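Single-letter residue listing:
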Amino acid sequence: MTAAKPDELSYNPHIPLSQALLLPRIVIEGTMPILEGGQFAVKAVVGQDVEVTSNVFADGHDKLAVRLRWRGEGDAVWRSEVMADLGNNAWQGRFRVPAQGRHVFCIEAWIDHFASYCYELDKKHVANIPVSLELQEGRLHVQQAAERAEGPLKAQLTALHQQLSGLLETEQVALFLHPDSAELMGQADHRAYLSLSPEYPVDVERELAQFASWYELFPRSITDDPARHGTFNDVHARLPMIQDMGFDVLYFPPIHPIGRRYRKGPNNALTAGPDDPGSPYAIGSEEGGHEAIHSQLGSREDFRRLVAAAADHGLEIALDFAIQCSQDHPWLQQHPGWFNWRPDGTIKYAENPPKKYQDIVNVDFYSSEAIPSLWLELRDIVVGWVEEGVKIFRVDNPHTKPLPFWQWLIADVRALYPEVIFLAEAFTTPAMMARLGKVGYSQSYTYFTWRNTKQELASYFSELNQSPWRECYRPNFFVNTPDINPGFLHESGRAGFLIRAALATMGSGLWGMYSGFELCESAAVPGKEEYLDSEKYQIRVRDFNAPGNIIAEIAQLNRIRRQNPALHSHLGLQLYNAWNDNILYFGKRSADGSNFILVAVSLDPFNAQEAHFELPLWELGLADDAVTQGEDLMNGHRWSWYGKTQWMRIEPWHQPFGIWRISL
């Protein structure tokens, strides 16, 4: 008897007998990893093993056969493997995703009559209970299986039946319990009471979606004169140093024409001088809109050359996708129905009281004239930049745009270009941040910027490793942004910048920094987490070799990340005991166990901190008095640890963190 799939029947306590007989006898529930019952795809990267767990059980004491099945969404053939019985109805299996794109998996289970028979036979034989009748029953199992089978399998089962008939009882028991017999019988199993779970989706992306180091700069500031606008051609000179620091994504704020009307001046002033460059987020002028390039940055051919040169330096260019317009954007004339207008005929500009953003206006996604033309236009803009070689987009404030739009656009773009990655710049409620990941965003900005104490960091790191976050959300630990000058950095000096860099690089597979962090820039607008003389409103000339920089340390942190697989994801982070509230101590271990990294970060940028701490010898299967080997990955120093309890001293004026590789 084959039962219906569970999703074909909704729960109803008052059902007729005819319907009850169709309900699955075998329960498959609590399956992980899934999101919202399978409504959204869980995240994975190419080559990753997806571990699947589920509770599978049925009435009685019969043994179950449980298999994990998976395939690419467009593949006709399923692959499968036997799931391991962990006890207490828990089962576990895994499959490796070999390519980008959508995959699906499901679980199938049935009552394995032959396995149940062998289990009972073995128990009775060990207990010296006569089993002659059981052996007769077993031969009947084999005979019936041979009758069901065809071809070579039928011949093999017939031979097995004949062999059993000529053996002594103990020899028959041994042959029934032999793995080869179980294999043959499994191939001929009629899968009694077969139950199938729903199919659950997995979204497989390239590795850069999970492991990458981002560097943000304003191309217009790559100049030696604040009166001279930097260009794409100027950026070429920065590529070697960015590469040497270990970054693999080079991200630009919007590169489009900037509007003139209501242009902002220095420090967000409401009026600008004739030579002020304005905010690049006020997109659009008579030169064009989101599809165009700001003429002072260079030509389209200049941009193409920069994309190619970046690739030669191991860098991918990421662009900002900001769905907002200056009041000079061509769309206001071409598509006025895409915007909201006030009764007096003026356009409604963006506001976040008490802040006013007169230099930008927002589109109305659900106006009658915007559906579907605006949605298609925005999709085509993204595709246009993809065709220019841009495969990564940082999206500005996606939580202020409709979720259905993102779900459609991301899926539509990635159906053509599965390598495209979207980063959500969403500092908003946890539910919305998680939902953006569910609808397709590859990664997201986080609350990391505002987590400073040991308790705050430990709680946040732990939360990101738990469901549903681990299935839908890849955190990108940006240490600063043009919008966020973190309060922790205002007075903490060079040590404070090293503390945040160590936490970000070791805490997540994704991290990023905005230009100037490596120079320990921290001048703030008084009382605010904003940069004084913000680069959003003016050109900033920098000396990237200025004394006191942390360029060498950043390069080594990125080198450590690349060389240690345990650090290629935020997942797997474990917090360990260090008896000092100013020291955060955690570890990461690769899936195969071969790479084990321990990290201790002092959160005090001013004073030396000391602590006794525990080596996680239990995770290595070692006794508390075992000897292990340690290596400082910042300087290469090696030593032996004796026992579980150790002592550390961290001096912020030297190095406010330790990164150690532990081995046997």
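Residues numbered from 1 in each chain as written. Predicted model: local features only at pLDDT ≥ 70, side-chain atom pairs only at ≥ 80, totals over all residues. Heavy atoms only, no water.

Student: What is the right way to read the packing of helix H17 (residues 493-507) against helix H18 (residues 551-563) from this model?
Tutor: When two helices pack together, their arrangement is given by the angle between the helix axes and the distance between those axes. Contact pair H17 / H18: the axes reach a minimum separation of 10 Å and the direction vectors enclose 15°. It follows from the interaxial angle that H17 and H18 lie roughly parallel. As for how H17 packs across H18, the hand of that crossing is right-handed. Between H17 and H18, the residues in contact are Arg494, Leu498, Ala501, Ala502, Thr505 and Met506 and Glu553, Leu557, Ile560 and Arg561, respectively. A per-class count over the contact of H17 with H18 returns six nonpolar, one polar and three charged. (Axes fitted to C-alpha atoms, helices over the stretch in contact; angles between N-to-C directions. Helix = DSSP H or I, 4+ residues; strand = E, 2+ residues; numbered from the N terminus. Parallel < 35°, antiparallel > 145°, perpendicular 65-115°, else oblique. Left-handed = near helix turned anticlockwise from the far one by under 90°. Contact = heavy atoms within 4.5 Å. Nonpolar A, V, L, I, M, F, W, Y, C, P; charged D, E, K, R; others polar.)

Student: Hey, could you run me through the side chain of Ser54 in this one?
Tutor: Mapped onto the elements of the fold, Ser54 is located in strand E3 (residues 49-57). Residue Ser54 is classed as buried on the basis of its relative accessible area of 2%. Engagement of the side chain of Ser54 in a polar contact is seen with the backbone oxygen of Glu29, the distance being 3.3 Å. Excluding its chain neighbours within four sequence positions, the residues that come into contact with Ser54 are Ile28, Glu29, Gly30, Thr31, Asn89, Ala90, Trp91 and Ile107. (Buried < 20%, exposed > 50% of the residue type's maximum accessible area, 1.4 Å probe, protein only. Polar contact = N/O pair within 3.5 Å; in protein donor to acceptor, adjacent residues only side chain to side chain.)

Student: Hey, could you run me through the packing of aromatic side chains in this one?
Tutor: We describe a pair of aromatic rings using the distance from one ring centre to the other and the angle between the two ring planes. Inspection of the entire model under this criterion finds 41 aromatic pairs. When the ring of Phe461 is compared with that of Phe586, the centres are 5.8 Å apart and the planes differ by 85°; the resulting orientation is edge-to-face. Here the residue Phe461 occupies a position in helix H14 (residues 454-464), and Phe586 occupies one in strand E22 (residues 583-589), the gap between them amounting to 125 residues. Phe586 carries the same exposure label as Phe461, and that label is buried. Sitting above the plane of the Tyr193 ring, Arg25 keeps its charged end 4.6 Å from the centroid. Seen from the ring of Phe488, Arg500 lies directly overhead, with NZ or CZ sitting 6.0 Å from the centre. (Phe/Tyr/Trp six-rings, centres within 6.5 Å; stacked < 30°, edge-to-face > 60°. Lys NZ or Arg CZ within 6 Å of the ring centre and 35° of its normal.)

Student: I tried to follow the pairing of strand E2 (residues 42-45) on my own but got confused; where do I start?
Tutor: The side chains of a regular strand alternate, residue by residue, between the two faces of the sheet. Residues of E2 alternate between two faces, with Val42 and Ala44 on one and Lys43 and Val45 on the opposite face, all of them buried. Strand direction decides the pairing type here: E2 and strand E10 (residues 200-205), joined by four bridges, are parallel. Residue pairing across strands places Val45 opposite Glu205, the latter belonging to E10. (Pairing = 2+ DSSP bridges.)

Student: Would you mind showing me how to read the packing of helix H4 (residues 151-165) against helix H6 (residues 179-187) here?
Tutor: Interhelical geometry of H4 versus H6 gives an angle of 135° and a closest axis separation of 10 Å. When the axes of H4 and H6 are compared, the pair comes out oblique. Regarding H4 and H6, the two cross each other, and that crossing is left-handed. Contacts from Leu153, Gln156, Leu157 and Leu160 of H4 reach H6 at Ser181, Leu184, Met185 and Gln187. Partitioned by chemical class, the residues of the contact of H4 with H6 number five nonpolar, three polar and no charged.

Student: Can you help me understand the side chain of Asp302 in this one?
Tutor: Its location among the elements puts Asp302 in helix H9 (residues 300-312). On the basis of relative accessibility, which here comes to 11%, the residue Asp302 falls in the buried class.

Student: Got a minute to help me understand the UniProt feature "binding site: alpha-maltose 1-phosphate" (unreviewed entry) in the protein chain in this structure?
Tutor: In the numbering used here, UniProt assigns the "binding site: alpha-maltose 1-phosphate" (unreviewed entry) feature to Lys264, Gln324, Asp359, Asn397, Lys536 and Tyr537. Given the relative accessible area of 5%, Asp359 is considered buried. Sequence-distant contacts of Asp359, defined by excluding residues within four places in its chain, comprise Arg261, Tyr262, Arg263, Lys264, Ser279, Ala282, Cys325, Ser326 and Gln327. On the secondary structure map, Asn397 appears in the loop between strand E16 (392-396) and helix H12 (403-416). (UniProt positions renumbered as here; feature names shortened; annotations may be inferred.)

Student: Just to check I follow, could you spell out the nonpolar core for this structure?
Tutor: Within the largest apolar cluster, 130 residues are counted, with the highest numbers of intra-cluster contacts made by Phe303, Phe393, Trp406, Phe422 and Ile659. Leaving out residues up to four positions away in the same chain, Phe422 has contacts with Val382, Phe393, Val395, Leu409, Ile410, Val413, Arg414, Tyr441, Ser442 and Gln443. In this structure, Tyr117, Val142, Ala145 and Leu164 belong to the second largest nonpolar core, which totals 20 residues. (Core = buried A, V, L, I, M, F, W, Y, C linked by side-chain atoms within 4.5 Å.)

Student: Mind showing me how you'd approach the environment of Ser640 here?
Tutor: Note that Ser640 resides in strand E26 (residues 638-642). With 13 residues separating them in the primary sequence, Ser640 and Val627 have C-alpha atoms 6.7 Å apart. A distance of 3.0 Å separates the side chain of Ser640 from the side chain of Gln629, its partner in a polar contact.

Student: Sorry if this is basic, but what is going on with the pattern of salt bridges here?
Tutor: Charged atoms that come close allow side chains of opposite charge to pair. All told, the structure shown has 38 salt bridges when counted by the stated rule. For Glu199, the salt bridge identified is with Arg71, shortest N-O distance 3.7 Å. With Glu199 in the loop between strand E9 (192-196) and E10 and Arg71 in strand E4 (residues 64-72), this pair connects stretches of sequence that are 128 residues apart. Here the salt bridges share partners, and the residues they tie into one network are Asp203, Glu205, Arg414 and Arg474. (Salt bridge = Lys/Arg side-chain N within 4 Å of Asp/Glu carboxyl O.)

Student: Explanation requested: unusual backbone geometry in the structure shown.
Tutor: Excluding glycine, residues mostly carry a negative phi; peptide bonds, for their part, are mostly trans. Note the cis peptide between Met32 and Pro33, where omega equals 10°. Mapping Pro33 onto the fold places it in the loop between strand E1 (27-32) and E2. Following Ile371, the chain continues into Pro372 via a peptide bond in cis, with omega recorded as 0°. Tracing the backbone through its elements, the reader meets Pro372 in the loop between strand E15 (355-361) and helix H11 (373-386). With a phi angle near 55°, Asn267 is a residue other than glycine that sits in the positive phi range.

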